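Breakdown of the fold
Each chain, letter by letter, is given below.
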Amino acid sequence: MTGGGRGSDRGEDAVVGVSERSLFANPALAPPAPAKLPAPHPGEQFLPEGDNAPVTVSRTHAVVRLRRHLGRLSRPRLQAGVASAAALELDRGIAFLLVPVFLAFGVIVYFSMAAEPGFVQPIAAVVLMALLALVTRSWPRTHLCLIAGLLCALGVLAAKVETWRAGTRMLGSEIATQVTGRVVSLDYMETGRVRLTIDVTSTARPKLRYAPERVRISAARIPPGMKAGSLVSGYARLLPPTGPVRPDSYDFSFDSYFAGIGGSGFFMGTPRIVAADDEAPLWSRLSSSVENTRQDIADHIRASVGGAEGEIAAALMVGVRAGIPDEINEAMRRTGIYHIISISGLHMALVAGTIMMLMRGAFALFPDFSSRRPVKKYAAAAALLSIAAYLIISGVVVAAERSFIMLAVMLIAVLFDRAALTMRNLAISAIAVIVVSPHEVVGPSFQMSFAATAALVGAYAGWADHRGGKTRPPPTKRSLAGFLTRKLLLGAGGLAMTSIIAGSATALFAIWHFQRVSPLSLFANLAVMPIVSVVMFLAVASALLMPVGLDWPALYLMGKGLTAMIAISAWISERSPIDGVGLISLQSVLLVTVALVIATMATTWLRLAALPFALAGLLSVSDTRPPDVLISEDARLVALPIGGGELAVSRARPNEFTVDNWKRALTSEAIVVPETFNEADGQFAIGDAVELPAGAPFYCTEGVCLARHPSGAIIAHVEDRKDTWKACAFADLIVVNDATAYDACHNPLVLVVTKRQLARKGSAAVFFNPQSATTPAKIEFAVDSPYRPWHEQRKFSREARGLPPYKKPDKPDGKPAQ
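Overview of the structure. (Residues numbered from 1 in each chain as written. Predicted model: local features only at pLDDT ≥ 70, side-chain atom pairs only at ≥ 80, totals over all residues. Heavy atoms only, no water.)

A few words on the state of the cysteines. For the structure on display, the rule yields two disulfides. Here Cys-700 engages in a disulfide with Cys-705; their sulfurs sit 1.9 Å apart. On the sign convention where negative means left-handed, the S-S torsion of about 105° between Cys-700 and Cys-705 marks this disulfide as right-handed. Accessibility expressed as a relative area gives 8% for Cys-700, which makes it buried. Residue Cys-705 is classed as buried on the basis of its relative accessible area, which comes to 10%. Through a disulfide, Cys-728 is tied to Cys-745; the S-S separation comes to 2.0 Å. Since a negative S-S torsion denotes a left-handed disulfide, the Cys-728-Cys-745 link at about -80° is left-handed. With Cys-728 in the loop between strand E16 (714-718) and strand E17 (733-736) and Cys-745 in the loop between E17 and strand E18 (751-754), this pair connects stretches of sequence that are 17 residues apart. If one numbers only the bonded cysteines of the chain, in the order they occur, the disulfide pattern is 1-2, 3-4. (Disulfide = S-S within 2.5 Å. Buried < 20%, exposed > 50% of the residue type's maximum accessible area, 1.4 Å probe, protein only. Helix = DSSP H or I, 4+ residues; strand = E, 2+ residues; numbered from the N terminus.)

This is the structure:
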């Protein structure tokens, strides 16, 4: 039961591979076996002519004959060939592989909608598509198209249900209040602060009418004995979740909404532990116990290993990574090995593989038992339990949860005597993730994880098919040195190909989401991955020995391995030629995604259809225009590229995270802070703005900061609305950091952006028209109205309502409140 050429006899010494895909092939669709041809003479080859008649031609006439046969390829024959290949793909199970693709497409459609739909529309679409699919079963092509439409409608409905189920209360405006709640988790930051995730039970002074249910608040210090499950209280300043730092970038309010975080902030003092009036629910007590155990293990690892290595070891074993130094994080990002820090498929696979290896090795000590029992299944069951425990102790983060589902499906396949690593199992994993957490589909973690895995599975399945169709002589006898050298080269080559395939599949996704690329990631992964494999083996060993107090040797060696990994990443990072690569077009990512789906799921010559999509995607990568000016959503920061890899900013101490994102998006390497002049000095006056050269950074005087874009446009940043008029005569763009401001210029050629607009619509990107001085600048905001549920809170802030900042009333003695 194999496909043509896969599994036929080729001699008693030949090694023949059998492809799993061929087991799904329809024998009726298999091409007839060709008649046996006589051996050609040297310099000759056979080309088919007519139906089956062989024709012997010389190699010099091969091209001419090939062109003649291509000319005979008519449209009916092409259609018949496509239909035959498509039927073979369906028999091999591609329809099931496309189920998560259409579900994900429906999810993307939902999250791309301009307005929030009700439940009626997606439910009606699902019912209509289901009925039409039911009545068209006798028309296979129409039936398949309607099934695809039904899956898309189900994806929309699943995303809508998740949005309704989340229903997170989001803080609408910045406020200071007394917060009392139960600690869910504690993260010890590198800066020494402690970040607390708190389930809010009450607020006071003032009492919030629409208080968030869960917040993240940092504290400079915490009292001894504070742990998960403790009831704490303290006066804190709470901030609403922020939006994207620029249009089309990552939306933090979206992430907060689905994570259940309604606000963040900091304690204005040390929080205190208070006595609880009632006992916490059972589920809360269980999660607190797990979290406290996790923190105890992390503290033990930090104390045993020490330094940055201890922080990384804690991140690898229990997912606590807040204390890793920023310079190490940045070095790993630049070298493309930051995926090592986040518990994901790599870690789950290494843990499962280590447990299976240890179990199989232990069973090998009892040959009688092993010969009579399915020890492979026992090892797979133990590996499944181990990664379940690993998931729980690592905090059940999204990346680990998704990886657990993928590994669990594969290990369960082993329990039922099925192939573990197949596209079918990957599709099951994707379906499970989409059903449980649809919002993950639009995030970088889901996209890069499944893109890399699908590319690896598809590439190695294709390689297996290629090897399965060839005869291989028995291996020659080699010396021990030759055997070890061959294994080492094969391992290095496999690791290099894995890195190349996964890196190529995820490159555009990484550029789209992070605007950065790691050109030396191949060398970094080749150098680091063997160390990581040993480190994870030692992590498993230390976890097994930790209960009996014998884990110190494994942790010591683990620390030494991490020291080498840190040194390698730092050395390669210093030599990385580029980092930020700027913006790419959305259509290029979509086209490459279509190409990746076709290339990884098709098994016949139809996979060649991926080439035009991939080529179109690569050609349209640069089909996007970078913004001329970027404005933060709080109107406090304005930036513009001024040439020479420099980014001019309007504040002396800008937000570091925002500026880093803008630098990568605009391919800038350095920032230029503004220069301030006193009005009395006479060195720079507002009227001198028209004499600024193109590409001049910000110069500030009389409450106005002025800069000139390389195109010649003049940008003004004003703090008080009363100073807006000063720039109306010459500025092309005026940004007013005042919620009570209005358009004081009344000139259609001058674009005035106020704090109120930015509070309602989010950060902005401005585009000038250098060809026409009479064309006003174009502006794009990050948030469109009507608002989706994760943006509803924006309209409640004081700034969005055009109100000035809240000021405390003066004290009875007449002194201003502090």
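Here the narrative resumes.
Here the focus is the sheet that holds strand E13 (residues 675-676). Strand order in the open sheet made by the six strands is E13-E14-E15-E16-E17-E18, with mixed pairing throughout. Pairing within the sheet leaves two strands with one partner each, and these edge strands are E13 and E18. One ladder, built from four bridges, connects E16 with E17; its direction is parallel. Residue Val-718 lies in a different strand from E17, and its bridge partner there is Val-736. (Pairing = 2+ DSSP bridges.)

Counting 58 residues, the largest nonpolar core has Ile-312, Ile-387 and Met-558 as the members making the most contacts within it. Listing elements by their share of this core, those giving two or more residues are helix H8 (282-305), helix H9 (307-318), helix H10 (326-335), helix H11 (345-364), helix H13 (375-393), helix H14 (398-415), helix H18 (521-545) and helix H19 (552-574). The biggest single contributor to this core is H18, with 10 residues. Aside from chain neighbours lying at most four places away, what touches Ile-312 is Ile-324, Ile-328, Met-332, Ile-341, Leu-562, Met-565 and Ile-566. Counting residues in each nonpolar core, the second largest holds 31 residues, with Phe-111, Phe-258, Met-406 and Val-433 among its members. (Core = buried A, V, L, I, M, F, W, Y, C linked by side-chain atoms within 4.5 Å. Contact = heavy atoms within 4.5 Å.)

We now examine unusual backbone geometry. Residue Arg-205 is joined to Pro-206 through a cis peptide bond whose omega torsion reads 0°. Topologically, Pro-206 is positioned in the loop between strand E4 (194-204) and strand E5 (214-219). The phi dihedral of Arg-205 is positive, around 55°, even though this residue is not glycine. A positive phi is found at Glu-702, a non-glycine position, where the angle reads about 55°. Tracing the backbone through its elements, the reader meets Glu-702 in the loop between strand E14 (699-701) and strand E15 (704-708). Look at Glu-702 and you get partly exposed, because its relative accessible area is 29%.

This paragraph deals with the environment of Gly-582. The topology assignment puts Gly-582 in the loop between H19 and helix H20 (586-601). Using a relative accessible area of 3% as the deciding quantity, one classes Gly-582 as buried. A C-alpha to C-alpha distance of 5.4 Å links Gly-582 and Leu-666, two positions 84 residues apart in sequence. Contacts of Gly-582, omitting those with residues within four sequence positions, involve Ile-511, Gln-515, Arg-664, Ala-665 and Thr-667.

Here the focus is the side chain of Thr-658. For Thr-658, the position within the fold is in helix H22 (residues 656-665). We classify Thr-658 as buried; its relative accessible area is 10%. In contact with Thr-658, not counting residues within four places along its chain, are Val-245 and Leu-637.

On the surface, a cluster of negative charge is made up of Glu-190, Asp-326, Glu-327, Glu-656 and Asp-660. Listed by contribution, the elements that provide at least two residues to the negative patch are H10 and H22. Accessibility expressed as a relative area gives 37% for Glu-190, which makes it partly exposed. (Patch = residues over 30% accessible without salt bridge, like charges linked within 9 Å, V, L, I, M, F, W, Y side chains within 5 Å. Areas by Shrake-Rupley, 256 points an atom, 1.4 Å probe, with all protein chains shown as cover. Salt bridge = Lys/Arg side-chain N within 4 Å of Asp/Glu carboxyl O. Lys, Arg positive; Asp, Glu negative; His and termini not counted. Charge placed at Lys NZ, Arg CZ, Asp CG, Glu CD.)

Below, the discussion takes up the environment of Glu-440. Within the secondary structure layout, Glu-440 lies in the loop between helix H15 (423-436) and helix H16 (444-468). Exposure remark for Glu-440: the relative accessible area of 11% places this residue in the buried category. A C-alpha to C-alpha distance of 9.5 Å links Glu-440 and Phe-258, two positions 182 residues apart in sequence. Each residue touching Glu-440, except ones within four places of it in the same chain, is listed here: Val-398, Arg-402 and Phe-446.

What follows covers the pattern of salt bridges. Scanning the model with the defined rule gives 18 salt bridges in all. Residue Lys-726 is joined to Glu-702 by a salt bridge in which the shortest nitrogen-to-oxygen separation is 4.0 Å. With Lys-726 in the loop between E16 and E17 and Glu-702 in the loop between E14 and E15, this residue pair connects regions lying 24 residues apart in the sequence. Connected through shared salt-bridge partners, Glu-116, Lys-160 and Arg-788 make up one network.

On the basis of which strands lie adjacent, the open sheet formed by six strands has the order E12-E11-E10-E9-E19-E20 and mixed pairing. Of all strands in the sheet, those bounded by a partner on one side alone are strand E12 (670-672) and strand E20 (778-781). Ignoring which end each strand starts from, the neighbouring axes of this sheet average 25° apart. Sheet topology places strand E9 (residues 629-631) next to strand E19 (residues 764-767); three bridges connect them, and they run antiparallel. Residue pairing for E19: Ile-631 is matched across the bridge by Ala-764. (Axes fitted to C-alpha atoms, helices over the stretch in contact; angles between N-to-C directions.)

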